[in-house]
Amino acid sequence: MAQLPAGHVPLAGYVLEALLRRLRRDPDPIDPLLWRDACAGLPWLRGLGQEADAVLAALAARFLTQKTITALGGLELGAREQVQLAALCCLPLLRFGAEGLHGWSQLLVYPDAFRVDRSHVDAAGVMHEWEDELIGEAWDAGPLILSWADIQAEIAEPDAGYCVVVHEMAHKIDLLDGVLDGTPPLPRAWQREWARDFQQAYDALVRDVDAGRRTLVDEYAAEAPEEFFAVCTEYHFSDPATLRRAMPKVAAHLARFYTP
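Residues numbered from 1 in each chain as written. Predicted model: local features only at pLDDT ≥ 70, side-chain atom pairs only at ≥ 80, totals over all residues. Heavy atoms only, no water.

Novice: Quick question: what am I supposed to make of the packing of aromatic side chains here?
Specialist: The tally for this structure, following the rule as stated, stands at 12 aromatic pairs. With 5.6 Å between their ring centres and 70 degrees between their planes, Trp-194 and Phe-229 make a pair best called edge-to-face. Here Trp-194 is found in helix H7 (residues 188–210), whereas its partner Phe-229 is found in helix H8 (residues 225–238), with 35 residues between them in sequence. One exposure class covers both Trp-194 and Phe-229, and it is buried. Summarising the aromatic geometry, the rings of Trp-194 and Phe-257 are spaced 5.7 Å apart at their centres and angled 70 degrees between planes, so their arrangement reads as edge-to-face. Note that Trp-194 is positioned in helix H7 and Phe-257 in helix H10 (residues 248–258), a separation of 63 residues in sequence. Like Trp-194, the residue Phe-257 is buried in the burial classification. The structure contains a cluster of three or more aromatic residues connected by ring pairs, namely Phe-96, Trp-190, Trp-194, Phe-198, Tyr-202, Phe-228, Phe-229, Phe-237, Phe-257 and Tyr-258. (Phe/Tyr/Trp six-rings, centres within 6.5 Å; stacked < 30°, edge-to-face > 60°. Helix = DSSP H or I, 4+ residues; strand = E, 2+ residues; numbered from the N terminus. Buried < 20%, exposed > 50% of the residue type's maximum accessible area, 1.4 Å probe, protein only.)

Structure (structure tokens):
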């Protein structure tokens, strides 16, 4: 076998080095005019200060570099729409940072609500199958899936307590520690406080829902601790006053977690 000259790097080594440089370098920034145009159509971003806006723009640029956005069912998404999706997905990461993008690579966008086949084997061994209609879903180590029509409807009514993009991103953040349980990765002391306060608020909500009492936040939050975290995240961004009134301790944790 012929020996390589001293200092010679095989082709595979060059390819690996080039890939590592690409992964390490900062992504190209989003065109400022495109960024301003995209953000002008997203009401949840209008209160951001200059520094937070710059952080969000950098996160969105990284999102567009790392993620593949695929429009399905005949939907067409131009550059403005893709930047809007990236900005909304990164909004919950303003304080948490780019680590919140780890573990998945695809954003799938349907024109409208989409159907998913479900199955479950009960305690008696009987298989139950049904079909769910969803507006968003986050798969463990898989894609994030959204309904474009519902995003547009929420943009038109931004203070109603709903934002499907940040709901599903909350699930992605929640999954970063390997467990979907309503508690994202946190320092140990804060994690204990978070778990205590969220569990108390969740249990109280479940009692109210089971008793048929009217609740200030959407009843879907009582489905499971992870849905409680995701729904409360929606309120943090779209109706924080209601969240503070209903669950002041939860609101305080989310303000600390999401506010840069």
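Novice: Sorry, what's going on with H10 here?
Specialist: Residues of H10 that are buried: Val-250, Ala-251, His-253, Leu-254, Phe-257 and Tyr-258. The buried residues of H10 occupy an angular sector of 160 degrees when the element is viewed end-on, so they sit on one face. Turned more than 90 degrees away from the buried face of H10 sit Pro-248 and Lys-249, all of them exposed. Its buried side turned inward, H10 meets helix H6 (164–174), H7, H8 and helix H9 (240–246). (Arc of directions from axis to C-beta. Contact = heavy atoms within 4.5 Å.)

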